[in-house]
Amino acid sequence: MKLFWVKTPSFIRKLFPNYIWKIPNSNNEIFLTFDDGPIPNVTEWVLTILKEENIKATFFCIGDNIKKHPEIFQRIISEGHSVGNHTFNHLNGWKTKNEKYLNNINLYEIEHQKNTLKNNKLFRPPYGKIKPSQAVFLRKKGYKIIMWDILSYDFDKNTSHEKCLKNVINNISCGSIIVFHDSLKAEQNIKFALPKAIQILKEKGFNFSTI
């Protein structure tokens, strides 16, 4: 049994209207996002693909990975992509006391500020799990909580390369926020699905933008 929906149902979006699930627009824009980096090899491969295709994306980074690999984080910034807070240690908000969770978000901010002063205040909760009280605090700090419209399921070992690709292209619409993962767990699926998805979505007339 899968833990998440591939396509976020409309009733979920209505239940949590203060979270951003899609970004309506008139330019046929869609939004590629990548979670859990930056790490060597996988994030670097993703950046190379994006550069070759001349498209920009949004990376939700783990603070500890920024600390370990600041040069890759700097490459994300220098190549014109957006970045967002994904906590310092990839914490599950449902299972974490508020004080610890919010302190972990602040630890990310400190690491972020060491590497760039630019901060567009984007936050994606790991696993998509965040308590309402945590979300209220973050919005007061100026954060936009970015969820997703389409989950590629690249992280799931039981999801085939082909299914990962179909999850994206069969559910796409204008304004979709798509989640891939620049992680070791997702490496095999993303290396198959991402280039093909980009090609097909371009052929369908979609434009890629940052959040």
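Anything mentioned here points back to the structure above.
Each chain carries its own residue numbering, running from 1 in the written order of its sequence. pLDDT decides what is reported in this predicted model: residues at 70 or higher carry local features, side-chain atom pairs at 80 or more are listed and counted, and totals for whole chains, interfaces and linings draw on all residues regardless. Side-chain calculation: all heavy atoms of the structure are included, whereas hydrogens and water are not.

A. Quick peek at the overall build of the protein. Labels follow the DSSP assignment, with helices taken as runs of H or I lasting at least four residues and strands as runs of E lasting at least two, numbered in each case from the N terminus. Helix and strand content of the protein: 8 helices and 8 strands. Expected size for 211 residues packed as a compact globule is a radius of gyration near 17 Å; at 16 Å, the protein falls within 12% of this value. Across its three principal directions, the C-alpha atoms of the protein cover 45 × 40 × 35 Å. Here a residue-residue contact requires only that any non-hydrogen atoms of the pair lie within 4.5 Å. Taking the intrachain contacts of the protein between residues at least 6 apart in sequence as the baseline, contacts between residues at least 24 apart amount to 76%. Within the structure as shown, the protein displays about 10100 Å² of accessible surface, and the carbon and sulfur contribution to it stands at 54%. Charged-residue counts in this description rest on Lys and Arg as positive and Asp and Glu as negative, His and the chain ends being excluded. Where a charge lies is defined by one atom per residue type: Lys uses NZ, Arg uses CZ, Asp uses CG and Glu uses CD. In the protein, 31 side chains carry a positive charge and 19 a negative one; their mean positions are 8 Å apart. Every radius of gyration here is taken over C-alpha atoms, with the globule rule written as 2.2 Å times N^0.38, N being the number of residues. For the accessible areas, the method is Shrake-Rupley and the probe is 1.4 Å, while residue cover comes only from the protein chains on display.

B. Broad picture of the side chain of T43. Mapped onto the elements of the fold, T43 is located in helix 2 (residues 42-53). Note on classification: 1.4 Å probe, protein chains only; a residue is buried when its accessible area is under 20% of the maximum for its type, exposed when over 50%, partly exposed between these limits. We classify T43 as buried; its relative accessible area is 0%. Here a polar contact is recorded for every N or O atom pair within 3.5 Å, except that within protein the pair must consist of a potential hydrogen donor and a potential acceptor, and residues adjacent in sequence are included only if both atoms are side-chain atoms. Of note is the side chain of T43, whose polar atom sits 2.9 Å from the backbone nitrogen of I39. Excluding residues within four positions of it along the chain, T43 makes contact with G37, P38, F59, I72, I76 and D182.

C. Main features of the packing of helix 2 against helix 4 (residues 70-78). Between helix 2 and helix 4, the shortest axis-to-axis distance is 10 Å and the interhelical angle comes to 15°. As judged from the angle between their axes, helix 2 and helix 4 are roughly parallel. In this structure, helix 2 crosses over helix 4, and the sense of that crossing is left-handed. Where helix 2 approaches helix 4, its residues T43, E44, L47 and T48 are matched on the opposing element by I72, R75 and I76. In this count, Pro and Cys sit with the nonpolar residues alongside Ala, Val, Leu, Ile, Met, Phe, Trp and Tyr, while Asp, Glu, Lys and Arg are called charged and the others, Gly among them, polar. Broken down by class, the residue content of the contact of helix 2 with helix 4 amounts to 3 nonpolar, 2 polar and 2 charged. Lines fitted to C-alpha atoms define the axes here, with helix axes fitted over just the stretch in contact, and angles between the N-to-C directions of these axes take values from 0 to 180 degrees. With respect to orientation, any angle under 35 degrees is reported as roughly parallel, any angle over 145 as roughly antiparallel, any angle of 65 to 115 as roughly perpendicular, and every other angle as oblique. For a crossing to be left-handed, the near helix must be turned anticlockwise from the far one by less than a right angle; the clockwise case is right-handed.

D. Fine view of a nonpolar patch on the surface. A patch consists of residues exposed above 30% relative accessible area that lack any salt bridge, with like charges linked at up to 9 Å and nonpolar side chains (Val, Leu, Ile, Met, Phe, Trp, Tyr) linked at up to 5 Å. Salt bridge, as applied in this entry: a Lys or Arg side-chain nitrogen positioned within 4 Å of an Asp or Glu carboxyl oxygen. The grouping of W5, F11, L15 and F16 at the surface amounts to a nonpolar patch, some 440 Å² of accessible area in total. With respect to the secondary-structure elements, F16 resides in the loop between helix 1 (10-15) and strand 1 (29-35). The class of F16 is partly exposed, set by a relative accessible area of 36%.

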